[in-house]
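Summary of structural features
One letter stands for each residue in the lines below.
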Amino acid sequence: RPWEGAVEAFVGASLCTETLAMFRIVGCRRFFTDKWRILDALIAGLTLLCGAFFAFRRVVHHAGDVVESIDMPILGLRFALQPVRMISTAKMVVRAHRMRTVAIVAPPPPLPPADPRRPCEGLSRTILSVPLAAQLQEMLPCYLRFVEWTLVYSPGVHGTSMNTFYRQQGGPNLVVVRDAEGA
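Please read all numbers here as calculations on a predicted model, not as lab measurements.

1. Here we look at helix H3 (residues 35-59)
- Over its 25 residues, H3 runs 36 Å from end to end, which matches the ideal 36 Å to within 8%, given 1.5 Å per residue.
- Within H3, the full set of buried residues consists of Trp 36, Arg 37, Leu 39, Asp 40, Ile 43, Ala 44, Leu 46, Thr 47, Cys 50 and Phe 53.

Put into structure tokens, the structure is as follows:
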């Protein structure tokens, strides 16, 4: 039947193209170190041999019996090896799935909060802890989140003059206040 021949020719051409493409991609040495690729090459070779016998039978009409006696065992061997090829493909799919699953299962641990505050020499005690500073930093506008913080005024470092407080201000500020009760 013509459609069976067309399907066989299409599948054979696809197999040969895939095998040749893999040979070109991975190179000769890596291609022949993998037993499944060697099996693919063997099946592709048998497919090409069956195609050559098919073409020879079409060209030389009286050689049909001789060619068919050679073609049938090769065709049988080719179709016997196809399930092995399917097993190799399934094995590669399972291996790729395992690699993907391993990569997804273990997320990296969260990073500790970064301290945006620059150290200040005269400051003996701070009221802003690292976790609280990190929380405040996340609430700032984007253009200020990654700016290092500098202490511009503290009564313990700069004195209690309001003039000093106003003179030190420049640019965006974050004011942290603690009352006499420590709140």
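2. Notes on the confidence of the model for the protein
- Confidence in the prediction for the protein averages 79 pLDDT; 91% of positions are at 70 or higher.
- Within the protein, the element-level pLDDT minimum falls on helix H4 (residues 64-105), averaging 73, and the maximum on helix H2 (residues 28-31), averaging 88.

3. With respect to the environment of Ser 129
- With respect to the secondary-structure elements, Ser 129 resides in the loop between H4 and helix H5 (130-139).
- Given a relative accessible area of 37%, Ser 129 falls into the partly exposed group.
- Expressed as a C-alpha distance, the spacing of Ser 129 and Asp 115, which sit 14 residues apart in the sequence, is 8.8 Å.

4. Side note on the packing of helix H1 (residues 2-26) against H3
- Where H1 contacts H3, the two axes come as close as 9 Å, and the packing angle between them is 140 degrees. Classified by the interaxial angle, the pair formed by H1 and H3 is oblique. For the pair H1 and H3, the crossing hand works out as left-handed. Every residue of H3 that contacts H1 at Gly 12, Leu 15, Cys 16, Thr 19, Met 22 and Val 26 is listed here: Arg 37, Asp 40, Ala 41, Ile 43, Ala 44, Thr 47 and Leu 48.
- Residues of the contact of H1 with H3, tallied by class, amount to eight nonpolar, three polar and two charged.

5. What about the nonpolar core?
- With twelve residues, the main nonpolar core is built from Leu 15, Cys 16, Trp 36, Leu 39, Ile 43, Ala 44, Leu 46, Cys 50, Phe 53, Ile 74, Leu 75 and Leu 81.
- Residue assignment for this core shows that the elements contributing at least two residues are H1, H3 and H4.
- It is H3 that provides the largest number of residues to this core, a total of seven residues.
- Those residues in contact with Leu 15, other than ones at most four positions away along the chain, are Ile 43, Ala 44, Thr 47, Gln 82 and Arg 85.
- If you look at the next biggest cluster of nonpolar residues, it comprises five residues, including Leu 128, Ala 133, Leu 140 and Leu 144.

6. Here we look at the packing of aromatic side chains
- Under the defined criterion, the tally for this structure stands at five aromatic pairs.
- Ring centres of Tyr 153 and Phe 165 lie 5.2 Å apart, and the angle between their planes is 75 degrees; on these two criteria the pair is classed as edge-to-face. Taken together, the positions of Tyr 153 in the loop between helix H6 (142-145) and helix H7 (155-158) and Phe 165 in helix H8 (residues 162-168) put the pair twelve residues apart, joining distant regions of the chain.
- Taking the relative accessible area as the measure of exposure, Tyr 153 reaches 17% and is therefore buried.

7. Regarding the side chain of Asp 40
- By the secondary structure assignment, Asp 40 is in helix H3.
- The contacts of Asp 40, once residues within four sequence positions are left out, are Thr 19 and Arg 85.

8. Some remarks on H5
- Three or more residues of H5 are buried, namely Ala 133, Ala 134 and Gln 137. Looking straight down H5, one finds that the buried residues subtend no more than 100 degrees of arc, so they occupy a single side. The exposed set on the far side of H5, more than 90 degrees from its buried face, consists of Glu 138 and Met 139.
- If you follow the buried residues of H5, they end up packed against H6.

9. Side note on a nonpolar patch on the surface
- On the surface, Trp 3, Val 7, Phe 10 and Val 11 cluster together into a nonpolar patch covering about 460 Å² of accessible area.
- Locating Val 7 in the fold gives a position in helix H1.
- For Val 7, a relative accessible area of 45% corresponds to the partly exposed category.

Definitions and cut-offs
Residues numbered from 1 in each chain as written. Predicted model: local features only at pLDDT ≥ 70, side-chain atom pairs only at ≥ 80, totals over all residues. Heavy atoms only, no water. Helix = DSSP H or I, 4+ residues; strand = E, 2+ residues; numbered from the N terminus. Expected span 1.5 Å × (residues − 1). Buried < 20%, exposed > 50% of the residue type's maximum accessible area, 1.4 Å probe, protein only. pLDDT = per-residue confidence, 0-100. Axes fitted to C-alpha atoms, helices over the stretch in contact; angles between N-to-C directions. Parallel < 35°, antiparallel > 145°, perpendicular 65-115°, else oblique. Left-handed = near helix turned anticlockwise from the far one by under 90°. Contact = heavy atoms within 4.5 Å. Nonpolar A, V, L, I, M, F, W, Y, C, P; charged D, E, K, R; others polar. Core = buried A, V, L, I, M, F, W, Y, C linked by side-chain atoms within 4.5 Å. Phe/Tyr/Trp six-rings, centres within 6.5 Å; stacked < 30°, edge-to-face > 60°. Arc of directions from axis to C-beta. Patch = residues over 30% accessible without salt bridge, like charges linked within 9 Å, V, L, I, M, F, W, Y side chains within 5 Å. Areas by Shrake-Rupley, 256 points an atom, 1.4 Å probe, with all protein chains shown as cover. Salt bridge = Lys/Arg side-chain N within 4 Å of Asp/Glu carboxyl O.

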